[in-house]
Amino acid sequence: FSDWFTSPMPRFYFDIFFGSDAQLDADGHEIDSVWAAEIEALCTAGELAQDQLRKFQSPTPEDVRVEVRDEHQRPVLTVTVSIRVERAGLMPTLGL
């Protein structure tokens, strides 16, 4: 009898931010736990940061941020990826 009824899988919303630009997730995704949602947010933020590096061929000053909300629109967690390069001393000029 208990096999007939299953509780619905939780829905999480992943809002993506590049600096001041935002892509808000209106549909959400069914994910089985907060832990799984965190892993998804980490992977998404990492992939987006990697895409930015490939696109610009250098770090950008803008962070990549993924904010996760639950099915009640309450904040659950935030993942931020920030890449900075600090050069010490003189760097050789490429192409000379």
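Throughout what follows, the structure given in this document is the object of discussion. Since the model is a prediction, treat every value here as computed from it, not as a measurement. (Residues numbered from 1 in each chain as written. Predicted model: local features only at pLDDT ≥ 70, side-chain atom pairs only at ≥ 80, totals over all residues. Heavy atoms only, no water.)

1. Regarding the overall build of the protein
This is how the line gets drawn: In this description a helix means any DSSP run of H or I spanning at least four residues, a strand means any run of E spanning at least two, and both kinds are numbered starting from the N terminus. Contacts are assigned to residue pairs that have any heavy atoms within 4.5 Å of one another. Shrake-Rupley sampling with a 1.4 Å probe provides the accessible areas, and residues are treated as covered by the protein chains on show and by no other component.
Counting secondary structure elements, the protein contains one helix and five strands. For the protein, the succession of helices and strands along the chain, N to C, is β-β-β-α-β-β. A sequence separation of at least 24 residues applies to 47% of the contacts in the protein between residues at least 6 apart. In the form shown here, the protein has an accessible surface area of approximately 7,400 Å², with 54% of it arising from carbon and sulfur atoms.

2. A few points about the pairing of strand E1 (residues 11-18)
Here is the rule we go by: Three labels apply to residues, based on accessible area from a 1.4 Å probe with only protein chains included: buried if under 20% of the type maximum, exposed if over 50%, partly exposed otherwise in between. For two strands to be treated as a pair, DSSP must find no fewer than two bridges joining them.
Within E1, seven of the eight residues are buried, leaving the element largely enclosed by the surrounding structure. Both E1 and strand E3 (residues 29-30) contribute to a ladder of two bridges, which runs antiparallel. Across the sheet, Phe 12 pairs through a bridge with His 29, a residue of E3. Two elements, E1 and strand E4 (residues 64-69), share six bridges in a ladder whose sense is antiparallel. Looking at the pairing, Ile 16 lines up with Val 66 of E4. Bridge count between E1 and strand E2 (residues 21-23): three bridges; the pairing is antiparallel. If you follow Phe 17 over to E2, its bridge partner there is Ala 22. Counting the residues between successive antiparallel strands, the hairpin from E1 to E2 contains two residues, one of them, Gly 19, with a positive phi of roughly 60°.

3. Considering the pattern of salt bridges
Stated precisely, the cut-off is as follows: Salt bridges, as used here, are contacts in which a Lys or Arg side-chain nitrogen is within 4 Å of a carboxyl oxygen on Asp or Glu.
Across all of its chains, the model carries four salt bridges by this definition. Taking the shortest distance from any N to any O, the salt bridge between Arg 11 and Glu 30 comes out at 3.6 Å. Taken together, the positions of Arg 11 in strand E1 and Glu 30 in strand E3 put the pair 19 residues apart, joining distant regions of the chain. On the basis of relative accessibility, which here comes to 28%, the residue Arg 11 falls in the partly exposed class.

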